[in-house]
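Descriptive analysis of the structure
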Amino acid sequence: MHFIEGISNFEGQTVNLKGWIANKRSGKGLFFIVLRDGTGFIQCIVDQNSVDEATFNNATKIGLESSVEIEGQVVKDERQIGGFEIQVSKLNIYQVAEEYPIAKKEHGVDFLMDKRHLWLRSKKQWATMRVRNKVIYNIHRFFQKNGFMQMDSPIFTGNAAEGSTTLFETDFYGEQAYLAQTGQLYGEAMAMALGRIYTFGPTFRAEKSKTRRHLSEFWMIEPEMAFYDAKMNMDLIESFIKSVVKRTIEECKTELETLDRDTSLLQKLTETSFPRMSYTDAVAIIKGEKDVEGRNAIKLLEEDLGQVKQEITDKEAEIEEREAKINAGGMKKGEVNFNRNKIDTLKAEIKELKEKEENIPQWLESARNFQFGEDFGGSDETVLTRLFEVPIMVYNWPKKIKAFYMKEVDDDPDFVQGVDVLAPEGFGEIVGGSVREEDKEKLIAQIKVHDLPMEAFEWYLDLRKYGSVPHAGFGLGLERLICWICNTKHIRESIPFPRMYGRLFP
Ligand code: 4AD
Ligand code: MG
């Protein structure tokens with residue numbers, strides 16, 4: 001048995017492939033089949049003149065997603081995806097599939113989500129899952145190479161850590177328990193035992209809203225480091241993101257091409273240092289009161305809006321032109337199809353632009369009205385990151401809006417040493433982290449302010465009794481990172497079976 005990935009090593013040879021029919025077209029005495037085997041896609045040609053009758057009959061019978069075994073010769077063909085095709089000599093059937101519900105034409109996302117177990121087979125989903133795999137591998141690689149110990153934190157927990165409004169409650173042998181919102185508190189305990197650790201596990205947030213960035217179940221990577229301060233924490237975040245993105249875009253060229261991901265900005269990121277700014281400066285930028293290198297966030301967005309409107313007008317004109325040409329008649333069938341496809345693409349682009357046309361004025365409005373001391377919403381993040389091509393780090397946040405465990409800024413007790421990393425291109429927060437409060441009394445005071453049950457934190461307070469040290473860490477949302485790398489607009493497509501408000505099946 002051979003695999004499509006790596007088929008270039010078998011040029012001129014006969015191979016045996018097993019997979020599913022992703023597409024089938026027929027010509028005179030010919031079938032053009034696109035076979036997928038999980039590792040890739042390849043065109044296979046069944047020519048009536050060069051196969052036995054049984055094989056040709058089999059090729060006639062099979063439709064989308066039928067499962068088959070194909071034997072044939074690997075032939076170079078530059079025009080094909082991957083540069084090779086298969087001249088089939090034999091085709092056996094595992095199963096002739098029933099009529100496949102996900103046909104070629106456009107389906108709505110809800111329908112596709114209901115059929116997620118099948119949708120995963122389609123090309124873009126396949127590519128995204130392959131990127132996800134590499135991202136996970138590269139995350140482990142980075143930490144393992146840099147002396148971090150992986151640890152598993154519990155899923156059943158007795159205490160809240162990231163605010164009581166997003167807790168999933170569950171029953172643990174009659175005791176009240178919660179699904180972990182974070183592994184951090186346990187990570188802190190392990191850092192005191194092992195020095196530098198990271199967790200990589202599922203975390204749960206009951207977010208009763210449908211946004212394109214929130215899952216109820218998502219995977220988080222949480223390093224925790226004894227003796228790290230705010231700067232060391234930010235330096236680590238930066239080299240970590242750079243390393244993972246760099247390796248992933250190198251190793252996933254085909255996948256990112258399949259996703260039409262323009263990687264020029266991602267490529268730039270390794271040579272650029274991530275801008276770091278305080279919350280206070282970030283707010284001034286959002287409100288248009290502070291420029292960055294002569295550029296103003298509000299003005300830029302106003303210009304964007306003008307450009308969006310122009311693009312819509314241009315694209316609408318192009319559609320009209322192409323439609324007129326088709327209607328005038330006399331075009332060859334291939335040319336008509338080409339123009340129809342072009343029109344469909346233009347329509348999809350206009351739809352996206354119209355969304356922007358609607359959104360930008362709202363973003364501007366909420367940026368102008370931003371109140372100092374508030375947390376950033378998705379739109380504030382978009383306004384702020386519009387000025388940058390690489391992720392930015394915002395540090396020193398108002399104490400009131402951040403978690404109980406964050407350490408105060410030395411000479412400014414209204415602020416804490418938290419840091420958020422915001423990705424460019426509208427993707428927003430991908431990392432949240434901080435220096436942790438190491439003083440027992442201050443921590444007790446914060447637990448009270450946040451109205452958390454003291455008993456549940458006794459063990460955590462022990463860490464501040466027995467050899468308390470400065471320490472810091474952060475959490476990266478795996479799916480948020482994947483969305484940014486793949487340019488996936490909605491987080492539900494970055495995980496095999498998303499769990500979110502309104503979706504538990506399949
Ligand atoms: O900012 P958060 O809530 O921070 C923590 O949980 C800390 N305990 C991390 C730490 O310091 N060890 O979450 C961290 C990251 C966010 O930046 C975001 O990328 C992701 O987790 N995240 C979500 N991803 C998908 N769906 C959700 N509902 C998410 N909530 C947070
Ligand atoms: Mg956060």
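Keep in mind that this is a model prediction, so the values were computed, not measured. All residue numbers here refer to positions counted from 1 along the written sequence of the relevant chain. By the order in which they are written, chains take letters starting at A while ligands take numbers starting at 1. In view of the model being predicted, local features appear only for residues whose pLDDT reaches at least 70, and side-chain atom pairs are presented and counted only at 80 or more, with totals across whole chains, interfaces and linings using the full set of residues. Heavy atoms throughout the structure, all of them, feed into the side-chain values; hydrogens and water do not.

1. Brief notes about the site of ligand 1
Working definition: residue near molecule or strand if any one of its non-hydrogen atoms lies within 4 Å of it. Around ligand 1, the structure places 24 residues, and the nearest of them are Glu162, Gln184, Glu222, Glu429 and Ile430. Between ligand 1 and the protein, one listed contact pairs an oxygen atom with a backbone N or O atom of Ile430 at 2.8 Å. Residues adjacent in sequence count toward polar contacts only when both atoms are side-chain atoms; beyond that, a polar contact is any pair of N or O atoms within 3.5 Å, and within protein one must be able to donate a hydrogen and the other to accept it. Here an oxygen atom of ligand 1 and a side-chain polar atom of Arg436 are 3.0 Å apart. Across the complex, the protein chains shield 93% of the 620 Å² of accessible surface that ligand 1 would expose by itself. Method for areas: the Shrake-Rupley scheme with a 1.4 Å probe, in which residue coverage is limited to the protein chains shown.

2. Here we look at the side chain of Arg213
Comment: elements are numbered from the N terminus, with helices defined as DSSP H or I runs of at least four residues and strands as E runs of at least two. Tracing the chain through its elements places Arg213 in the loop between β10 (196–204) and β11 (217–226). Side-chain polar atoms of Arg213 contact the side chain of Glu381, separated by 2.9 Å.

3. Some points on the domain arrangement of the chain
Annotation comment: domain bounds sourced from an automatic or database domain assignment. For the chain, the domain assignment lists domain 1 (4–95), domain 2 (118–272 + 470–494) and domain 3 (300–366). If you average the C-alpha positions of domain 1 and of domain 2, the two centres end up 39 Å apart. By the convention used here, residues are in contact when the closest approach between their heavy atoms is within 4.5 Å. Contact residues are listed per partner, giving 9 residues for domain 1 and 4 residues for domain 2. Summed over both partners, the accessible surface that disappears when two parts come together, traced with a 1.4 Å probe, is what is meant by buried area. Carbon and sulfur atoms supply 50% of the area that domain 1 and domain 2 bury against each other, a total of about 570 Å² over both sides. Counting the surface domain 1 buries against domain 2, the share from its top three residues, Arg36, Gly38 and Phe41, is 58%. The term salt bridge refers to a pairing of a side-chain nitrogen on Lys or Arg with a carboxyl oxygen on Asp or Glu at a separation within 4 Å. The interface formed by domain 1 and domain 2 includes 2 salt bridges. Linking domain 1 with domain 2 are 3 residue pairs in polar contact (both at pLDDT 80 or more), by the criterion used here. Looking at the side of domain 1 that touches domain 2 residue by residue, the classes come out as 3 nonpolar, 3 polar and 3 charged. Residues are sorted three ways: Asp, Glu, Lys and Arg are charged, Ala, Val, Leu, Ile, Met, Phe, Trp, Tyr, Cys and Pro are nonpolar, and all the rest, Gly among them, are polar.

4. Quick notes on the pattern of salt bridges
Going through the model one piece at a time under the given rule, you end up with 32 salt bridges. For Arg436, the salt bridge is made with Glu224, and the minimal N-O distance between the two is 2.8 Å. Taken together, the residues Arg436 in the loop between β16 (428–435) and α13 (440–449) and Glu224 in strand β11 connect sequence positions 212 residues apart. Each residue's exposure class comes from its accessible area (1.4 Å probe, protein chains only) as a fraction of the maximum for that residue type: buried when under 20%, exposed when over 50%, partly exposed otherwise. Accessibility expressed as a relative area gives 2% for Glu224, which makes it buried. The network of salt bridges with shared partners includes Lys231, Asp235, Glu238, Lys242 and Arg276.

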